[in-house]
Structure formats: C-alpha cells, structure tokens
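The lines below spell out each chain.
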Protein chains: 2
Amino acid sequence: MRTLLIANAALILASLAVAQPQHGLNLMPMPSSVQAGVGQLSVDRSFSVAMTGFGDATLERGVHRFVAELSRQTGMFLQQKPVGSANPTLLIHPVHGSEKAQKLSEDESYELVISQSGAKLTAPNPLGILHGLQTFLQLVEITAKGFAVPVVTIKDQPRFAWRGLLIDVGRHFIPLDVLKHNLDGMAAVKMNVLHWHLYDNEGFRVESKRFPKLQEAGSDGLYYRQDEIREFVAYAHDRGIRVVPEFEMPGHSRSLFAGYPELASGPGPYTIEPGGADAVMDPTREETYKFIYKFIDEMARLFPDNYFHIGGDEVNGHQWDANPKIQAFIHAHGMKNNQELQAYFNQRLQKILSKHHKIMMGWDEVLHPNLPKTVVVQSWRGQQSLATAAQQGYSGLLSFGYYLDLMWPASRHYAVDPMSGAAASLNPEEKSRILGGEACMWSEWVTPENIDSRIWPRNAAIAERLWSSPEVQDPGSMYARLDELSWRLEWLGLTHRSNLISALHRMAGTDDIAALHTLAEVVEPVKDYARMDSLKTVWDFRAPLNRLVDAANPESNQARHFRDSVQAYIGSGFTDPAAEGEIRRNLATWRDNDARLRPLLEQSFLLHELVPLSEDLSALGVAGLTALDYLDRSEASPEPWRAQQLALLDRARTPKADLLLMVVAPVQRLIEASAGQTQKP
Amino acid sequence: MRTLLIANAALILASLAVAQPQHGLNLMPMPSSVQAGVGQLSVDRSFSVAMTGFGDATLERGVHRFVAELSRQTGMFLQQKPVGSANPTLLIHPVHGSEKAQKLSEDESYELVISQSGAKLTAPNPLGILHGLQTFLQLVEITAKGFAVPVVTIKDQPRFAWRGLLIDVGRHFIPLDVLKHNLDGMAAVKMNVLHWHLYDNEGFRVESKRFPKLQEAGSDGLYYRQDEIREFVAYAHDRGIRVVPEFEMPGHSRSLFAGYPELASGPGPYTIEPGGADAVMDPTREETYKFIYKFIDEMARLFPDNYFHIGGDEVNGHQWDANPKIQAFIHAHGMKNNQELQAYFNQRLQKILSKHHKIMMGWDEVLHPNLPKTVVVQSWRGQQSLATAAQQGYSGLLSFGYYLDLMWPASRHYAVDPMSGAAASLNPEEKSRILGGEACMWSEWVTPENIDSRIWPRNAAIAERLWSSPEVQDPGSMYARLDELSWRLEWLGLTHRSNLISALHRMAGTDDIAALHTLAEVVEPVKDYARMDSLKTVWDFRAPLNRLVDAANPESNQARHFRDSVQAYIGSGFTDPAAEGEIRRNLATWRDNDARLRPLLEQSFLLHELVPLSEDLSALGVAGLTALDYLDRSEASPEPWRAQQLALLDRARTPKADLLLMVVAPVQRLIEASAGQTQKP
C-alpha cells in the first residue's frame with residue numbers, strides 16, 4: 001500500500017478557505033459548537049469528580065485515567081476516586097451504556113457546560129463522556145491565579161464515524177508499550193479506530209496457535225502473543241478505540257509462505273529475507289481456503305471488532321502468470337484475467353468472513369461487481385475511487401492524502417477532505433456511504449524509536465479533518481493549536497519531541513549537541529518515495545535506521561516559524577522590527593553554525609554526510625544577512641550578486657543525505673526582495 | 001532519617017587529591033585495571049554474541065537485554081539470539097552459576113579482553129558477566145568509520161560488596177515502572193542493592209494479606225500488590241540487584257497505626273493526614289510482638305534477601321513518656337530510659353527475624369551492646385558512628401554524605417568515603433566490617449515525575465565511590481565522564497534530562513519556553529533542609545509539587561561550565577579568547593533574558609515567584625559584561641562601581657522561590673578581577 005498517486009496537491013492547497021475560530025481556545029479537534037462565556041472555573045487541589053446516570057468499570061477506569069492525566073498535567077496530587085455528587089467540580093452523566101464490543105454506529109456526542117461554580121459533562125453513552133473528558137483536559141490552562149478552565153458551553157459530535165490510524169507493524173515490529181502511547185494520543189484527538197496492519201512480506205506479527213510456523217518462520221522472533229493482543233485490544237476499548245486487524249491476502253504475504261509455502265502460487269522456498277520473491281497465495285487450491293477458514297476462525301475470536309481487513313492490494317500477477325495450473329483454472333472457469341481470479345478469491349474470502357460475522361474490508365483493488373455491498377473499500381487511490389465505490393453502493397474510507405510516511409507537512413494532509421473532488425458531487429445517500437478516513441503509518445523507515453515523531457503531531461491535523469466541520473480549515477489556526485497540543489501529547493508518554501535529542505546524542509557520541517541541533521531543526525526528510533527511489537541496493541528491513549533522516553522531524557517547526565517571520569517582515573513593507581530581529585538572529589546563528597559543527601561532523605560516520613548541508617546552511621545565513629543589510633539601507637542589491645545567490649539557492653535546494661534544507665525559500669524571498677521596490681508584495 | 005548532620009564538608013572537599021585516568025575512556029565507575037591497546041573492534045550489523053561455560057535463563061535474559069541495549073544505543077537491528085561459538089564478536093564465559101537468592105559475599109569480578117578481531121568476557125559467575133556487559137556498553141563509541149569499542153584489557157572488581165540506593169516510597173508513592181528504570185540505571189553503574197523504604201508516617205505501600213488494613217487505611221490507595229512485588233524483585237535479581245525491604249519500627253510508622261491503632265503507644269486515632277501525631281509502637285505489650293511475628297512471617301516470604309531492615313531511627317520518646325503503663329514497664333524491668341526500652345524492643349525483633357533466617361539491619365540508633373554482632377548498622381550520622389560500630393564488632397554501611405535529597409553537587413558526594421575520618425584508623429579486621437554504602441533518596445519533595453532528576457546523574461558519582469579504587473577521586477575527570485554517562489542513561493528510559501522540558505511547559509502553559517529554559521538552567525533548589533525549614537505551614541505530602549524548585553536540576557551543568565570558563569579565562573591571565581567568547585555569550589543571553597521572559601512570568605501563577613530571580617540574572621549579565629569590558633581595555637574598574645555590584649551580588653545570592661542562582665560566584669570573580677592586576681590569581 002505504499003505506491004500513492006500524488007495528484008493536484010497544489011490545487012487542493014490553493015483552494016483553502018480561511019475560517020479562524022473566534023473563541024481562541026486551544027482545542028483540537030475543534031468542536032462543532034463552542035459558546036465562550038465570561039470567567040473561569042478554578043482547577044486546584046480540591047478538584048473532584050462525581051458520577052450520576054449509567055456507570056460501569058470501563059467508565060470508572062476512564063474517569064480514573066482522566067484524574068491521573070489532570071494530575072500529571074498540573075503537577076497536583078488529586079483525589080483519585082469519584083466522590084458523592086454534592087458539589088463536585090465536574091459532574092459526569094452518561095445516559096446509558098455503550099455496546100459491549102464498540103460499534104461503528106454508536107453516538108459519540110457530548111455536551112460540556114462549564115460555569116464559574118462547576119462543570120457538567122453529559123453524553124448519551126460513555127464514548128461521548130470519554131471525548132468530553134479529553135476536551136476538558138485540553139481546556140485546562142495556567143493563569144496568573146492558578147489552573148483553570150474557561151466558562152464555556154460545548155456541544156460536540158464527530159463529522160465522520162470512522163476516524164482511524166493505520167500502523168504497519170509488519171515491516172518493522174513496534175512493541176506494545178509504544179503502540180499504547182499512540183492509543184493514548186489517538187484518544188486525546190478523538191480518533192476511534194486503530195487499523196493494525198499485522199503482517200507484510202517482512203514479518204508476521206501475531207501468534208497463531210493453530211499455525212505456529214506463521215510467527216516462527218515468518219518473523220525474526222518479534223510478534224505479539226495472543227494474551228498480549230487481548231490485553232491490548234481491551235486497552236484500546238477502554239479508550240473508545242476499535243481495533244481492526246488487517247491480514248493481507250492474497251498479496252503482500254511472503255512472511256506467511258515462510259512457514260506454509262504450499263499456500264503460495266510459486267514454487268518457493270520463501271523467507272522474510274530482503275529481495276525475496278513477491279509471492280501471492282494460490283486461489284485455485286481448496287487447501288488455501290481450508291487454511292484461511294481455520295486461520296480466520298482463530299483470529300475472529302482474538303479481534304472482537306465487526307470489521308476484518310483482508311488487504312487485497314497490489315496483487316502481483318507474475319506468479320499467477322507463471323503457474324500453468326493457475327492459468328488452466330482461469331480458463332476453465334471462464335475468467336478473463338488475473339483480476340477476475342482475485343475477485344473469485346475475494347468472494348470466497350467474504351463468505352468465510354461472513355460465517356464468522358465479520359464485515360470484509362479491503363483496499364481499492366477488491367472493488368468488483370461480484371462482491372456484496374456490505375464490503376468496505378479503503379481508498380489509497382483517491383476521492384474518485386471512493387466516489388465510484390459509493391455510487392456502486394459500497395461504503396468506503398479515504399486514506400489517499402493521509403499517508404504519514406510521505407513526510408508531508410500537516411497543512412497538506414489537513415487540506416485533504418474525504419468529501420472533496422469526485423465525492424463532492426455524490427447524492428446524499430451515496431455520501432452517507434463515506435464513513436470517514438484513516439491516516440496511514442507505513443513502516444519502511446520506522447522504528448520503535450522514531451515512530452512517534454512520524455505520527456505526531458501531524459496525525460492530529462488528520463484527526464481534526466475527520467472530526468470537525470469541513471469549514472474548519474484555516475492552516476494558521478490549525479498550526480497554532482497543533483503547537484500547543486504537541487507538547488501536551490508528551491505527557492502521555494509519546495516521545496515525538498524528546499526523541500530527536502536522544503538520536504542526536506547517538507550520532508554525535510557526545511554531550512554537546514547544540515550545533516548539531518541547530519542544523520537538525522531546519523531539515524526535513526525527503527518527501528513521497530524519494531528515499532526509497534534513491535536506494536542503491538534493495539531495501540532491507542534490517543538495515544540500521546540511525547541517520548539524521550531517521551530522526552529529523554517530518555515537518556520543521558523552526559523553518560515554519562522562520563517563513564512566517566519573513567512573510568511578516570516583507571508583508572510589513574520591511575518595517576516590522578520584531579520580525580527582522582528574529583530573522584537576523586536565526587541567520588546569524590546559521591552563518592556561524594558550520595564552524596561550530598564541523599569538527600563533530602568529521603568525527604562521526606553517521607554525521608559525515610551532513611557536511612554539505614551544514615555548509616549550505618551557513619551560506620544561506622550569509623546570503624540572507626547580506627540581503628537584509630541591503631533592505632535596511634534601502635539600497636537595491638546588485639544584479640550580479642543576486643545571480644550568484646541563485647546558484648547557491650539551487651545547490652541548497654537539492655536533497656542531500658536524504659534531507660531537505662527547509663529555509664531555502666524564505667532566504668530566496670529576502671534575496672529577491674533586496675532587488676528593490678518592484679519586488680515588494 | 002532526614003535530619004542529617006552536615007559537618008566539615010568544606011574540609012572534606014579541601015582534601016581532594018587529583019588522580020586523572022590516563023586512558024581517557026568514558027567508563028563509570030572506573031574499573032580497577034585498564035590496559036589500553038591500539039586499534040578497535042568494529043560494532044556493526046554483524047555483531048554477534050556466543051556463550052560458553054555456565055548458562056541459565058537469567059544469564060540468557062541478561063545477554064538478550066545487552067543486545068537490545070546495544071541496538072538501542074546504535075540504532076541498528078541486531079541479531080537477538082546468541083549464536084554458536086564460531087567467531088562471535090563477543091564471547092561470554094561465566095565459569096559457574098550464582099546463588100539462587102543473590103548473596104552479599106558473591107564474587108562480582110570480571111575480565112574483558114577486546115582485540116581487533118573479537119572480545120572475550122569472562123567471570124567467575126553471571127554477576128560479573130552482567131557488570132562486564134555494562135562496561136562493554138559504555139565502551140561503544142562512534143568513530144569516523146563506524147561504531148566501535150577500543151582494544152583494551154579490563155580487570156575489574158568492586159571495592160565494596162554493598163553498593164546501594166535507598167528509595168523512599170512512603171512519603172510519595174513511586175510507580176514500579178519508574179522504579180524499574182532506576183534499577184536499569186543502577187545496573188548501568190554496577191550498584192547492587194535497592195534498599196526499599198516501603199512505608200513511613202505518610203503511607204504504607206505493601207499489600208499485606210494478613211493485615212489488609214495496613215494498606216487500606218494506611219495509604220491513599222497507592223501501594224504495591226504482592227504479585228507486583230514478586231515480579232519487581234525478580235526484575236532486580238535479573239540485573240544483579242538485591243532488594244532489601246525496610247519496615248520502620250518502632251517509629252516513623254504512623255501509617256501503620258491508621259489501621260491498627262492498638263499497636264501504638266498513644267491513644268490515637270491515627271491517620272496519614274499531615275500534622276498527625278508522631279507515633280511510636282508500644283514495645284511493652286505482647287500483642288505487638290505477635291503482630292510483628294505474623295507480619296514478618298508474611299514479608300520474609302515476599303522478600304527473599306537475607307537482610308531485613310527495621311529502621312529504628314529517630315524514635316520519638318514523647319508517647320512513651322506520656323504513657324504510665326509504659327513507664328511502669330520501664331521501671332519494672334530496671335531500664336534506665338527510653339533508649340533501653342528501644343534496645344529491648346530491638347532484641348525481641350532480632351529474635352523474630354532470626355527465626356525467619358533474616359539478618360537484622362537498622363540505622364545508627366539501634367546500636368546497643370545487647371544486640372548480637374550479626375546486626376548491620378546503617379549510618380546516617382557519619383564515619384565516626386560507623387567506626388564505633390565496627391570496633392564493637394558490627395558490620396556497617398555509610399549513608400552519611402550520600403543523601404541525594406539534600407541537593408548537593410555530585411562532587412560533594414563523591415568526596416565522601418566510607419573509609420575516611422574515624423574509619424581510616426580502624427584495624428584491617430574492623431575495616432572489613434564496613435560493607436559499603438548507600439545513596440538515599442528521601443521523598444519529601446519527590447514525585448514520579450522528578451525522581452529521576454533527583455537521583456541521576458549524581459547517583460553515579462556515589463556508585464563510583466563505592467566500586468572504584470579510593471585513588472580515583474579527581475572531580476574534573478568524574479564530571480567529564482558523568483556528562484557522557486548522563487545522556488546515555490536516558491536510553492534506559494530514565495527522564496532526568498528530558499523531564500525539565502515537560503515541567504517548564506506545564507508552568508508556562510505554552511510552547512515557547514526558550515527564555516524560561518535559560519533561567520531554569522542556571523538555578524538549583526536550595527540545599528540541605530532549607531526548603532523544609534522555610535515552610536510556613538506543616539509539610540503536607542499531598543501539596544502540589546509543580547514549582548520550578550521541583551523541576552530544576554539539583555546541580556546546574558550550565559553554571560558549572562560557566563564557572564569553568566571563568567576559571568580558564570582568569571587562569572589564562574585574561575588571554576583565552578575561546579573562554580572569553582563563551583563567557584560573553586552567556587552574559588549577553590542573561591542580560592537580555594528578563595525582557596523576553598517577563599511577559600510569561602506575569603501570566604502564570606507558578607512562574608510569578610521567579611520575577612526577582614529573572615531580574616537578578618539579567619543584572620548579573622550586565623555586571624559581568626561591564627567587568628569584562630574593563631578587563632578587555634586593561635582598565636581597572638572604579639571602586640564605587642564595584643561596591644555597587646557587591647549589593648547586587650548579595651541580593652542575587654539570597655535564595656528566592658526556594659532556588660539559588662548558581663552563577664553569582666563566577667560573576668563576582670569577574671568583578672573582583674576587574675579591579676586590576678592585584679586581583680589576578
């Protein structure tokens with residue numbers, strides 16, 4: 001699922017409307033309705049919670065967690081147990097219970113009313129309560145008088161019922177404690193589905209008791225035991241998150257054939273080694289379906305969710321073409337091509353799932369008239385594909401535009417709407433079939449160490465797109481709120497910010513990493529599939545992931561703030577002294593950085609590749625300062641000088657060490673502006 | 001155990017010898033013998049481990065952990081399982097096994113021989129292997145060609161058999177995951193005893209099945225279940241760490257009387273509320289010993305270690321004085337005073353412990369001629385007390401000088417030696433009774449969030465004092481190695497460095513904390529018991545711990561480095577341009593910081609108390625820069641100017657918000673130096 005069509009993103013960006021919330025609250029995702037009042041409710045040591053209405057153990061754990069998080073957030077020791085209902089700070093009232101196994105269709109709305117004397121959170125069921133508690137946590141702010149939440153009335157409900165995050169643990173194993181922190185993060189931004197991509201060619205990550213060679217031959221020893229999975233699914237359920245497992249069939253499944261080569265269409269043998277055959281299941285043998293039946297029977301018990309994802313994408317027809325028996329089968333059954341063979345396979349698969357009371361999901365490629373309309377299509381191809389499915393009567397999800405591994409800025413994901421493009425012209429009934437979307441964390445370049453920084457905080461922008469009204473789309477507001485959300489997410493144990501420091505220490509092998517940090521803060525990994533494309537050898541999941549490209553943030557806040565400063569400075573007609581000061585400080589730091597950093601770069605094999613980047617950054621510092629000096633003197637910079645700088649900019653724009661220097665464009669703007677009045681905006 | 005006599009620390013510091021290791025390896029604690037060779041052994045993807053000699057599951061887990069840590073440290077995916085012995089990178093050879101329950105007397109030595117073609121680690125038993133693996137991890141460095149360990153031969157063994165860390169979980173509960181990271185840290189610096197102070201007046205933290213009111217009435221619901229304790233003790237055992245429980249008797253035990261008031265000497269009732277009575281057990285009633293017998297019988301099974309700590313310190317005689325029955329008992333038994341009553345109690349306690357095959361430990365106060373010589377005395381009073389015990393035939397441990405809660409610099413703890421002072425003149429047999437020492441983390445001001453920063457990295461200096469030869473005592477070398485160890489410790493999950501950032505975000509309530517960080521980096525919490533002494537109300541364990549004093553590092557690295565720069569600059573006769581540049585950069589940042597920081601300080605009730613500190617820091621920046629300017633111009637600063645600065649220095653030296661500004665002394669040196677030639681060193 002990695003080959004994404006990247007189309008017209010510039011167009012999408014250009015069509016952004018601007019809708020800035022008026023109330024200024026740092027809420028993410030933005031609720032449907034916020035009525036700000038006057039004053040605040042104090043949150044101090046005496047903070048207490050009481051519950052009325054429906055109650056159960058899940059809800060109690062949720063409230064307990066809420067108090068613990070509030071305690072962590074404020075550094076206060078708070079009364080852990082809910083008290084009787086006499087004058088609590090927060091009264092919680094769910095009207096009735098939730099389904100035992102969480103359903104897609106459940107009401108997730110809530111209402112939170114905060115006055116100066118107390119707060120009340122009501123919801124039809126505990127799912128809404130959990131969301132409302134997250135909103136309460138986001139409302140807590142520090143004031144001159146103490147911690148407080150503002151007086152406000154919030155009525156809130158999601159736009160889409162399916163708001164998911166896919167995590168691929170096949171290509172690189174991710175331990176459960178890391179995944180749990182991500183579940184906490186998902187709950188904080190009201191996402192409700194973890195799509196668990198449990199195996200791929202490189203590794204099978206689930207213990208099967210019926211087919212133990214799946215994990216034994218199909219992994220490097222890193223997989224989840226069944227008791228661990230049960231505990232993990234319960235952990236997610238406690239947080240209002242459904243866990244939808246994905247078991248890829250018939251392609252993307254080489255690890256499966258390592259233990260059970262008889263299932264494959266080619267002769268084998270198979271291993272999880274890099275560069276191995278791109279193998280596909282043999283859909284013509286009855287033994288295949290017997291295996292699948294038993295396997296699904298086992299997995300259906302392990303994963304209580306109604307939905308079951310069978311992958312179905314990127315089926316490589318080579319093995320089918322090369323197998324005479326399979327070709328004979330195709331002809332004997334009057335099929336036209338491999339696609340029809342896959343449809344036949346999917347039909348059989350769907351029946352097996354149906355017997356186990358599971359709704360089948362698959363990627364775009366499963367779409368075929370032979371399949372019943374209950375099948376859910378997940379689209380990595382785009383809104384057109386999604387709209388076509390909806391027109392044919394299928395429900396669907398959008399993942400196109402939400403691939404976190406492509407290292408896009410948050411604003412670009414944020415601009416992608418499941419209802420835009422072809423989907424916009426669907427009729428209401430067809431539109432109702434678009435259930436929502438899923439961010440995707442494919443793990444070719446992901447480790448337990450860097451995965452948080454690949455998912456967060458950008459995933460929160462996608463979460464907002466799927467929860468909030470489509471009118472909420474101002475990237476400025478989004479970034480302002482994302483910046484504040486980001487540091488709060490680290491309270492949950494996520495390490496998307498702190499991890500960079502540890503990685504820089506590793507690369508430098510020493511305590512003093514200040515100069516390295518300066519460089520690391522203004523670079524981003526190359527985008528889309530550029531890193532994969534630039535590989536000189538076959539991609540190897542066991543290769544070290546310890547370079548700066550593995551640690552650098554997908555989106556540089558430092559560069560974004562610098563761009564904003566340059567924009568403000570130019571926009572002010574070069575008269576904003578605060579912006580100019582900020583620009584000068586940055587440029588001077590960069591100018592001097594190469595000299596400070598160079599000795600370190602020479603000492604470390606992991607840092608050596610950064611030498612040209614460091615040189616470019618310092619050269620940009622010099623060029624930018626020179627441009628500023630011209631601007632300060634109101635003197636047009638000489639054309640030959642500007643022409644010289646163009647060469648520098650071209651060089652600096654070129655990726656190096658799989659990294660992009662993200663401050664080239666704003667320095668270019670300064671250089672162009674220095675040409676004189678005609679360049680002013 | 002909190003009232004420590006702080007005597008003659010200045011004298012101890014003054015007597016420091018200087019012994020800088022020649023080989024320049026960043027090892028801590030320093031091994032007994034290091035013979036550096038030429039060249040290095042590469043540590044790359046092909047890294048492999050093989051084992052010969054004795055083997056068991058504990059050792060296998062240890063090796064597995066070693067490979068995982070090496071993988072984390074290098075960012076490489078390494079083969080997890082030990083391979084056959086053909087040409088491994090590292091061959092591990094333990095001669096025989098360890099005791100099932102780890103004993104004090106076990107041999108912990110190891111030998112690590114690294115050549116360019118491979119490494120071999122041998123040890124009499126797995127304990128030595130674990131230590132040697134930690135040494136190997138510390139040897140891994142990054143070079144221009146790759147990760148590598150240097151060619152070296154290390155023979156190593158501890159100076160003391162008992163190298164402990166006490167953690168008080170009574171006053172503030174610390175969750176087991178936080179404690180586990182600390183066990184990992186202890187193993188990294190070869191400490192081998194966790195002294196678990198499991199209750200105090202404010203909380204009883206162990207589940208008792210026989211006396212459930214202990215944890216139910218005696219805690220705020222935060223305690224360890226027995227299954228959790230068993231798992232935790234096994235976790236420690238895997239890391240070569242013994243767990244010695246402490247159950248305070250007869251004092252420091254108010255939480256115990258909350259559920260069982262009949263054990264107390266006073267009428268009660270008792271709660272864990274702050275300001276409650278300072279209660280003591282009634283040693284005159286047989287019921288007390290019946291309770292203790294049953295309780296110890298239960299706890300002795302839970303904690304397999306040979307040693308059992310009964311506290312015994314700071315017994316408050318008021319309740320005994322006030323109870324006529326107890327006074328009658330004292331007279332009837334011909335005792336002279338309360339101390340003799342405590343000795344009687346201890347004698348009975350010792351017999352109960354002995355029946356359970358436990359060796360009794362207690363603080364200085366338990367020392368009494370009536371007790372058998374098997375009792376181990378832990379001294380918070382000092383080397384004199386320890387020496388007296390040794391002369392009387394008792395074994396002992398030093399904790400005086402190792403109280404981490406006093407916020408001393410690492411160098412001050414480092415200078416404290418169990419064999420110094422009165423202990424230095426003991427004869428060899430008496431000396432052999434000094435088993436080692438223990439760092440103490442009393443938790444009046446400690447939370448799960450800040451505890452790592454209170455223990456690390458300073459605890460590593462104490463670990464070195466207890467492991468390495470007494471000649472290893474150069475603070476410069478210690479700090480250089482500590483700085484490098486410190487960031488590596490964060491790989492283990494310790495948060496002693498990253499935590500400050502999270503705490504600053506909490507206090508600021510916003511993303512931009514740069515100016516706050518500048519201030520936070522140069523302050524330290526007040527020392528000794530100054531914070532407790534300055535309290536205006538009774539100390540309350542439930543009060544919020546969310547001020548800067550709770551987050552600021554006990555020892556400011558920034559201030560230390562600044563002092564070093566000033567020292568280098570003055571020492572060079574004001575001709576060291578690098579040092580001067582560093583000094584100027586710092587001073588200019590501080591000068592400008594108050595203006596940047598002030599708006600934030602006004603917005604947050606937690607930051608408001610920092611206003612005077614921020615003003616002082618900026619004023620010090622101005623004063624220091626002015627002094628530097630005089631020095632640069634070789635012009636003596638005018639006396640009236642210097643007199644003015646003295647007032648500033650006096651003000652800046654005064655603690656504010658329970659914090660000390662740590663750059664006053666070096667700025668003072670610059671001001672004094674600016675007076676002219678006579679001030680030069």
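Provided above is the structure to which this section pertains.
Residues numbered from 1 in each chain as written. Chains lettered and ligands numbered in written order. Predicted model: local features only at pLDDT ≥ 70, side-chain atom pairs only at ≥ 80, totals over all residues. Heavy atoms only, no water.

Participant: It is not clear to me how the interface of chain B and chain A should be interpreted in this structure. Could you clarify?
Facilitator: Interface extent is often summarised as the accessible area lost during association of the parts. With 43 residues of chain B at the interface, the matching set in chain A holds 43 residues. Both faces considered, chain B and chain A share a buried interface measuring about 3,400 Å² in area, 60% of it formed by carbon and sulfur atoms. Here chain B and chain A share four salt bridges between them. Our count for the contact surface shared by chain B and chain A stands at 20 residue pairs in polar contact (both at pLDDT 80 or more). Put simply, the parts of the chain that give the side of chain B that touches chain A at least two residues each are α2 (57–74), α17 (475–489), α18 (499–508) and α23 (577–603) of chain B. (Contact = heavy atoms within 4.5 Å. Buried area = accessible area lost by both parts, 1.4 Å probe. Salt bridge = Lys/Arg side-chain N within 4 Å of Asp/Glu carboxyl O. Polar contact = N/O pair within 3.5 Å; in protein donor to acceptor, adjacent residues only side chain to side chain. Helix = DSSP H or I, 4+ residues; strand = E, 2+ residues; numbered from the N terminus.)

Participant: Help me understand the side chain of B:T447 in this model?
Facilitator: When you line up the elements, B:T447 lands in the loop between β17 (434–441) and α15 (451–455). Assessed through its relative accessible area of 7%, B:T447 is described here as buried. (Buried < 20%, exposed > 50% of the residue type's maximum accessible area, 1.4 Å probe, protein only.)

Participant: Is there a simple way to explain the packing of helix α4 (residues 176–188) of chain B against helix α6 (residues 226–238) of chain B in this structure?
Facilitator: Residues and elements named next belong to chain B. Closest axis-to-axis distance for the α4/α6 pair is 10 Å, and the angle between their directions is 15°. As judged from the angle between their axes, α4 and α6 are roughly parallel. Between α4 and α6 lies a crossing whose hand is right-handed. In this structure, α4 uses L176, L179, K180, L183 and D184 to contact α6, whose residues at the interface are E228, E231, F232, Y235 and A236. Across the contact of α4 with α6, the residue classes break down as six nonpolar, no polar and four charged. (Axes fitted to C-alpha atoms, helices over the stretch in contact; angles between N-to-C directions. Parallel < 35°, antiparallel > 145°, perpendicular 65-115°, else oblique. Left-handed = near helix turned anticlockwise from the far one by under 90°. Nonpolar A, V, L, I, M, F, W, Y, C, P; charged D, E, K, R; others polar.)

Participant: I keep staring at the relation of the copies chain B and chain A and nothing clicks. Help me out?
Facilitator: Each of the two copies of the chain can be brought onto the other by a rotation about an axis and a shift along it. Laying chain B over chain A is done by rotating through 180° and shifting 0.0 Å along the axis; what remains is an RMSD of 0.0 Å. Interpreted geometrically, this transformation is the action of a two-fold axis. For chain B, the minimum C-alpha distance to the rotation axis belongs to B:S498 and amounts to 3.3 Å. When the interface residues of chain B are mapped onto chain A, 100% of them are again interface residues, pointing to one common binding face. (Least-squares fit on C-alpha atoms with pLDDT ≥ 70 in both.)

Participant: Is there a simple way to explain the packing of aromatic side chains in this structure?
Facilitator: Two measures describe an aromatic ring pair: the distance that separates the ring centres and the angle between the ring planes. What the rule picks out here adds up to 58 aromatic pairs over all chains. Their ring planes at 10° and their centres at 6.1 Å tell us that B:F291 and B:F295 sit as a pair that is stacked. In this pair, B:F291 and B:F295 are both assigned in helix α8 (residues 286–302), four residues apart and thus about one turn of the helix distant. Stacked on the ring of A:Y414, the Lys or Arg A:R465 has its end atom at 4.5 Å from the ring centre. The aromatic ring of B:W162 is capped on one face by B:R242, whose charged end is 4.3 Å from the ring centroid. (Phe/Tyr/Trp six-rings, centres within 6.5 Å; stacked < 30°, edge-to-face > 60°. Lys NZ or Arg CZ within 6 Å of the ring centre and 35° of its normal.)

Participant: Just checking my understanding: could you explain α18(B) for this structure?
Facilitator: Three or four residues apart is the spacing at which side chains of an α-helix point the same way, because the helix has 3.6 residues per turn. Residue and element names in this part refer to chain B. Across the ten residues that make up α18, a large majority, nine, are buried. For α18, every residue scored as buried is listed here: N499, L500, S502, A503, L504, H505, R506, M507 and A508. Two residues or fewer past α18, G509 is found with a positive phi of approximately 65°.

Participant: Help me understand the pattern of salt bridges in this model?
Facilitator: Between side chains of opposite charge, a pair can form when the charged atoms approach closely. On inspection of all chains with the given rule, the structure shows 84 salt bridges over all chains. Of the charged contacts, one joins B:D220 and B:R205 as a salt bridge, the two residues approaching to 3.0 Å between their closest N and O atoms. Here B:D220 is found in the loop between α5 (213–217) and α6, whereas its partner B:R205 is found in the loop between β11 (203–204) and α5, with 15 residues between them in sequence. Judged by its relative accessible area of 1%, B:R205 is buried. In this structure, B:D297 engages B:R301 in a salt bridge whose closest nitrogen and oxygen atoms are separated by 3.0 Å. With a gap of four residues between them, B:D297 and B:R301 both fall in helix α8, about one helical turn apart. Residues joined by salt bridges that share partners form a network here, namely A:R45, B:E273, B:D540 and B:R542.

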